[in-house]
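Single-letter residue listing:
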Amino acid sequence: MTVRVGLSTASVWPRTASSAFEAAATLGYDGVEVMVWADPISQDPVALKRRSRQFGVPVMAVHAPCLLITQRVWSPLPEERLRRSVEAAVDLGAPTVVIHPPFRWQRRYAEGFADLVAELEDKSGIAIAVENMFPVRRFGRVVTAFDPSIDPTDVGYRNYTLDLSHTATAGEDALALRRRMGDALRHVHLADGTGLPRDEHLAPGRGTQPCAEICESVTNFTGQVVVEISTRRARTGTERTKALAESLLFARLHLGQ
């Protein structure tokens, strides 16, 4: 079974989702993951369908707007943002929605989150893959903003996203987390990090995470591997393209493709 390798639209920020579709087509990615955020195109399934047809690149996943900076995208209610993400995935033919665990201050949402995820999966047939996160270090203390923790396996869901930049920031053993996720691992955010207390999203191979080993562990799964790196410091388009191309090559090589 050949694992599909996608490109997150976040990987071209501050450029728009359109640039991600174009880059994916040019470089030979199998599809894109749409990060829903301030970019108007990312919020519009009709516009996304148009870009998908234009470049011949399918949407593999929808990343729900659950960042601090996207708390007003679509709706101020996190439940509604998740529902809209699932609806968008259905419209776009994407099999997966990526979602973060609830923030601790979203108490009502957090209390019903697991049930809501299961309900939406049952009704839509979409895999809602809950992502591992990382704590914040402040004044010598480590605190988590997520309920009940940064590790979704503490709750238990049908589907997970494993993010390797987040494991680096959290100082977590990525291989141990991958084993805990087991057959429920549906989605991999392929990136790297050095262990600094910030979410680096380096190209795979440029940090300390076992990116190659994680790829080798999923060569037979039915989910997707998505390159989610930061290219915001790229000085030129050529530099950005090189990072995206090298990341795709890394994924293909270690997936045995």
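This is a predicted model, so every value here is computed, not measured.

Conventions used here
Residues numbered from 1 in each chain as written. Predicted model: local features only at pLDDT ≥ 70, side-chain atom pairs only at ≥ 80, totals over all residues. Heavy atoms only, no water. Helix = DSSP H or I, 4+ residues; strand = E, 2+ residues; numbered from the N terminus. Expected span 1.5 Å × (residues − 1). Bend = angle between axes of the 7 residues up to and from the residue. Buried < 20%, exposed > 50% of the residue type's maximum accessible area, 1.4 Å probe, protein only. Contact = heavy atoms within 4.5 Å. Phe/Tyr/Trp six-rings, centres within 6.5 Å; stacked < 30°, edge-to-face > 60°.

Novice: Teacher, can you tell me more about helix 4 (residues 107-124) here?
Specialist: Quick reminder: α-helices carry 3.6 residues per turn. Residues three or four places apart thus point the same way. Over its 18 residues, helix 4 runs 25 Å from end to end, which matches the ideal 26 Å to within 8%, given 1.5 Å per residue. Considering bend angle alone, the principal kink of helix 4 is centred on F113 and spans about 55 degrees. The set of residues buried in helix 4 consists of Y109, A110, F113, L116, V117, L120 and E121. At its buried positions, helix 4 is contacted by helix 3 (78-92), strand 4 (96-99) and strand 5 (127-131). Once helix 4 ends, the next one or two residues include G125, with phi positive near 80 degrees.

Novice: Would you explain the packing of aromatic side chains in this entry?
Specialist: When we look at a pair of aromatic rings, we describe it by the centre distance and by the angle of the planes. All told, the structure shown has six aromatic pairs when counted by the stated rule. When the centroid spacing of 5.3 Å and the interplanar angle of 75 degrees are considered together, the rings of Y109 and F113 count as edge-to-face. Note that Y109 and F113 are positioned in helix 4 at a spacing of four residues, about one turn of the helix. A relative accessible area of 1% means that F113 is categorised as buried. Here the aromatic cluster, defined as three or more aromatic residues joined through ring pairs, consists of Y109, F113, Y157 and Y160.

Novice: Would you take a moment to explain the environment of A24 for this structure?
Specialist: The topology assignment puts A24 in helix 1 (residues 17-27). Residue A24 is classed as buried on the basis of its relative accessible area, which comes to 1%. As a C-alpha pair, A24 and L7 span 17 residues in sequence and 6.4 Å in three-dimensional space. Those residues in contact with A24, other than ones at most four positions away along the chain, are L7, Y29, G31, V32 and V57.

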